[in-house]
Amino acid sequence: VRLVGSEMCIRDRNLPLCIELANLPVAIGRACARKFGAVAYASKVNMVGMGISRQHCSFLRFGNALQIVDESSQGVAVNGIRIRPLLPRTLVAGD
């Protein structure tokens, strides 16, 4: 998964551009909890930067599909389009 933030956010905060998603579900944020609702995370990726919420988003597996869930107050975009909060969005190659 390649994460894209604003140029300033990446340059100033040294955010990683790629994250390995070996153990799903994965939580991403400034101070992720071990659990969000009914989802208990296998791993967490803590990031800092402008526009990153404490509990920003998560990646889940649904069957063979990889999904992203916006859990933030800042919003999450896939291919430049903001996704709906708290609703899983299935990702496809190139997203």
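Thresholds, definitions, all that
- Sequence positions are assigned chain by chain, starting from 1 and proceeding in written order.
- Thresholds applied to this predicted model are a pLDDT of at least 70 for local features of residues and 80 or more for the giving and counting of side-chain atom pairs; totals over whole chains, interfaces and linings are not thresholded and use all residues.
- Hydrogens are left out, water is left out, and the side-chain values use all remaining heavy atoms of the structure.
- The score called pLDDT rates the predictor's confidence residue by residue, from a low of 0 to a high of 100.
- Secondary structure follows DSSP: runs of H or I at least 4 residues long count as helices, runs of E at least 2 residues long count as strands, and numbering of each begins at the N terminus.
- For this analysis, residues touch if any pair of their heavy atoms sits within 4.5 Å.
- With a 1.4 Å probe rolled over the protein chains alone, any residue whose accessible area is under 20% of its type maximum counts as buried; one over 50% counts as exposed, and the rest are partly exposed.
- A pair of strands is treated as paired once DSSP finds two or more bridges between them.
- All axes are obtained by fitting lines to C-alpha atoms, using only the stretch in contact for helices, and the reported angles, taken between N-to-C directions, cover 0 to 180 degrees.

Could you clarify how one ought to interpret the confidence of the model for the protein in this entry?
Should the pLDDT be low somewhere, the predicted coordinates at that spot are not to be read in detail. Looking at the protein as a whole, its pLDDT mean stands at 79, while 81% of the residues score no less than 70. The least confident element of the protein is helix 1 (residues 7-13), whose mean pLDDT is 42; the most confident is strand 9 (residues 89-91), at 95. Below pLDDT 50 for its whole length, residues 6-12 participates in nine contacts with residues either more than four positions away or in separate chains.

Help me out: how do you make sense of the environment of serine 73 in this one?
Structurally, serine 73 can be placed in the loop between strand 6 (65-70) and strand 7 (77-78). Owing to a relative accessible area of 62%, serine 73 belongs among the exposed residues under this scheme. For the pair formed by serine 73 and glutamine 55, sequence separation is 18 residues and the distance between their alpha carbons is 8.8 Å.

How should the sheet that holds strand 5 (residues 57-62) be read in this particular structure?
Hydrogen bonds between backbone atoms are what pair the strands of a sheet, whose relative direction is either parallel or antiparallel. Pairing is mixed in the open sheet, where five strands are placed in the order 4-1-5-6-9. Sheet topology places strand 4 (43-46) and strand 9 at the edges, where each strand pairs with a single neighbour. The average undirected angle you get between the axes of adjacent strands in this sheet is 25°. With three bridges joining them, strand 1 (residues 26-29) and strand 5 adopt antiparallel strand pairing. By the bridge assignment, valine 26 is partnered in strand 5 with phenylalanine 59.

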